[in-house]
Amino acid sequence: MRKGDGKQLNCAKCEGVFAVRQEDLEFYKGFSVPAPTLCPECRQQKRLAFRNERNLYKRNCDLCKKPIISVYSPDKKLTVYCKDCWWGDKWDAEKHGKDFDFNKPFLEQFVELLQAVPKLELTNVLQENSDYTNYCYAGKDCYLLYTSDENEKCCYGSYVWHSEGCFDCLYVIDSKHCYECTDCVGDYECQFCQMCEYCADCAMCYSCKNCQNCFGCVGLRHKQYYFFNEELSKEVYENRLREVFKQGLNKVEARVAELKKDFPKRAVFQVNCEDCVGNYLKNSKGLYYCFDGRGAEYVKYSANIADQVYHCYDMDGCGRVEWCAEGISTGLEGTNHCFASDHLWNGNYSAYYCSYCLGCHDVFGCAGLKRKQFAILNKVYSESEYLALRERIIAQMKREGCWGEFFPISISPFAYNETAAFEYYPLSKDQILANGWRWKDADMREYLKQDYALPSRIEDVDDDILQKILTCGGCGKNYKIIAQELNYLRNFLLPVPRECPDCRHKRRNALRMPRKLWKRPCDKCHGEMWSGYAPEEEGVVYCEKCWLGMF
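Let us look at the structure shown here.

Cut-off values and rules
Residues numbered from 1 in each chain as written. Predicted model: local features only at pLDDT ≥ 70, side-chain atom pairs only at ≥ 80, totals over all residues. Heavy atoms only, no water. Core = buried A, V, L, I, M, F, W, Y, C linked by side-chain atoms within 4.5 Å. Buried < 20%, exposed > 50% of the residue type's maximum accessible area, 1.4 Å probe, protein only. Helix = DSSP H or I, 4+ residues; strand = E, 2+ residues; numbered from the N terminus. Contact = heavy atoms within 4.5 Å. Pairing = 2+ DSSP bridges. Axes fitted to C-alpha atoms, helices over the stretch in contact; angles between N-to-C directions. Salt bridge = Lys/Arg side-chain N within 4 Å of Asp/Glu carboxyl O. Polar contact = N/O pair within 3.5 Å; in protein donor to acceptor, adjacent residues only side chain to side chain.

### Some thoughts on the nonpolar core
Among the nonpolar cores identified, the biggest contains 132 residues, and Phe106, Phe215, Tyr353, Phe364, Ile465 and Val496 are the most heavily contacted of them. Ranked by the residues each element gives to this core, the list is headed by strand E20 (residues 303-322), at eight residues. Setting aside chain neighbours within four positions, we find Phe106 in contact with Phe100, Tyr353, Phe364, Gly365, Ile393, Gln396, Met397 and Glu400. If you look at the next biggest cluster of nonpolar residues, it comprises 23 residues, including Cys181, Cys184, Cys190 and Tyr226.

### A look at the sheet that holds strand E14 (residues 224-227)
If you walk across this open sheet you meet the three strands as E13-E14-E15, and the pairing is mixed. This sheet does not close on itself; its edge strands, each paired only once, are strand E13 (212-215) and strand E15 (230-231). Where E14 and E15 come together, two bridges link them in antiparallel fashion. Paired with Tyr226 across the two strands is Glu231, which belongs to E15. Along the sheet, helix H5 (residues 234-247) contacts E13, E14 and E15; its crossing angle with E14, the most-contacted strand, is approximately 50 degrees.

### Some points on the environment of Gly334
Position of Gly334 among the secondary structure elements: in strand E22 (residues 331-336). Of the residues examined, Gly334 reaches a relative accessible area of 26% and is grouped as partly exposed. With 137 residues separating them in the primary sequence, Gly334 and Thr471 have C-alpha atoms 44 Å apart. The residues contacting Gly334, other than those within four sequence positions of it, are Arg320, Asn346, Gly347 and Asn348.

### Remarks on the pattern of salt bridges
A complete count under the given rule lists 41 salt bridges for this structure. With a shortest N-O distance of 2.9 Å, Arg43 and Asp314 are connected by a salt bridge. In this pair, Arg43 is assigned in helix H2 (residues 40-48) and Asp314 in strand E20, connecting sequence segments 271 residues apart. Overall, the relative accessible area of 4% leaves Arg43 in the buried class. The exposure class of Asp314 is buried, given its relative accessible area of 1%. We note a salt bridge from Glu528 to Lys519, for which the minimum N-O separation is 3.7 Å. The exposure class assigned to Lys519 is partly exposed, which follows from its relative accessible area of 41%. Each of the salt bridges in this network shares a partner with another, and the network as a whole consists of Asp168, Glu180, Glu499, Arg504, Arg507 and Arg508.

### Digging into the pairing of strand E18 (residues 277-282)
Along a regular strand, successive side chains alternate from one face of the sheet to the other. Taken across its six residues, E18 has five buried, putting it largely inside the fold. Examined bridge by bridge, strand E17 (residues 270-271) and E18 share two bridges and lie parallel to one another. Residue Val271 lies in a different strand from E18, and its bridge partner there is Lys282.

### Things to note about the side chain of Asn378
Here Asn378 shows up in the loop between strand E27 (373-376) and strand E28 (379-380). At 2.9 Å, the side chain of Asn378 forms a polar contact with the backbone oxygen of Ala367. Among all residues touching Asn378, those that are not within four sequence positions of it are Ala93, Glu94, His96, Gly97, Leu113, Val117, Gly365, Cys366, Ala367 and Leu369.

### Observations regarding the side chain of Ser207
Structurally, the position occupied by Ser207 is in the loop between strand E12 (182-185) and E13. Classification of Ser207 as buried rests on a relative accessible area of 6%. Residues in contact with Ser207, not counting those within four places in the same chain, are Gln194, Met195, Cys196, Gly219, Leu220, Arg221, Phe263 and Trp547.

### What about the sheet that holds strand E7 (residues 124-125)?
In spatial order, the strands read E7-E8-E9-E10-E11-E12; together these six strands make up an open sheet with parallel pairing. The open sheet has two free edges, formed respectively by E7 and E12, since each of these has just one partner strand. The sheet contact formed by strand E10 (residues 158-161) and strand E11 (residues 170-173) spans three bridges and is parallel. When the bridges of E11 are listed, Trp161 appears paired with Ile173.

Rendered as structure tokens:
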């Protein structure tokens, strides 16, 4: 880094060296906070530790007493409301308001408030007949679907958008009747495909676009009736396809892997992006070190950002936000100038160190407030009182060393291994406990013995399987087959999965490049580039220009 361009710092957690650029310093100055003490990865780890996406539990609503599905396990000593009660008018978070005590640390008082204010069972909006979902919006008839919007009859997936009848998919958009697909857009009736766009009736294909009736193909464009990249007549193709499905798809996986090995890898996956450093980005401009984003401009060090995200730093799982920093699961109807907060919805403005606030402005250290202003620890003040008290609290937080930092993982309502942090930053139980974080042991009631002999051919599977207990071949956890899933498998002659949904999700996630970038030379033009593949990783990697030049 050149003199005057910023500075190099050592991460206070992992001790790695990271850069803070001059433009970063200017941005933080706008929030009156110092430069971060943690590297981008450790900052993201803290935020993700407040987001439980995939672990669901049964418990009762603490207000209406009805049974509910919740991200909060029943052993957690928290007040949890069902969606009707939480969004209703039978309670008011302002009643939990308290005076700030300058003899106690800010975080200690904030944690007391967090534990007192009722929690929302699941983070869903406008879900219909989709009880077993989380972080979903406008879905219908979905099951075990997470962080997904505007879907119908989709199951066992994550980050699925605007799709219908898709099973076991990850980062799939505008697709129908697909199975085990990853990073695909606009596909129809495709199975086991990765990074394919606008394909139909394809299976086990990689990086294909506008193709139909292709099997085991890599890097094709506008092709039909191709089998392992070999063009066939329709009749020969269909005969070979029947033979493959009869033998089992696992018999051809090695052949697909060989084709992929000889095909140049794309350094990063970007579509319609300008001046962006990051991976899996679409329709964006001016992003730096971002991952899994679309429709964003001038955003830094963020992931899973979508639709109208502008001028933000360190955000995860956000949409419709502007001039915000250090936030997670924030958006809906626009949020502006908020800092170090989680789950801010419905147009918050100037919210600092808040959680689950809706439509508030000028709030500090608040939780569960709806349409309030000038509040601290859920107590409402006049504007002048609020501003004066806020400055005194900030001065105390500076002395305590927590001003400008996101919440510590230790105050998360979840155990570390329940959260998205565990997925992207996995640690052993001993490591988690050594950090002072919590670990949740497995519920042994979920590990019963399988009571059904699972046939290898779908033709030999009868409807009795819908009532049976299956055991995952990977982790040993129980899982089930649902009717719509069985119908799909029968229609496409696919075998019943022998892994639980969580293990299938981990396998799909492992297919993707990590949320990390390296500098390495392009293997064609030899120019330096950012890549999702480490320099020591085997295979040929092309920069965007050289990769696109192949087609």
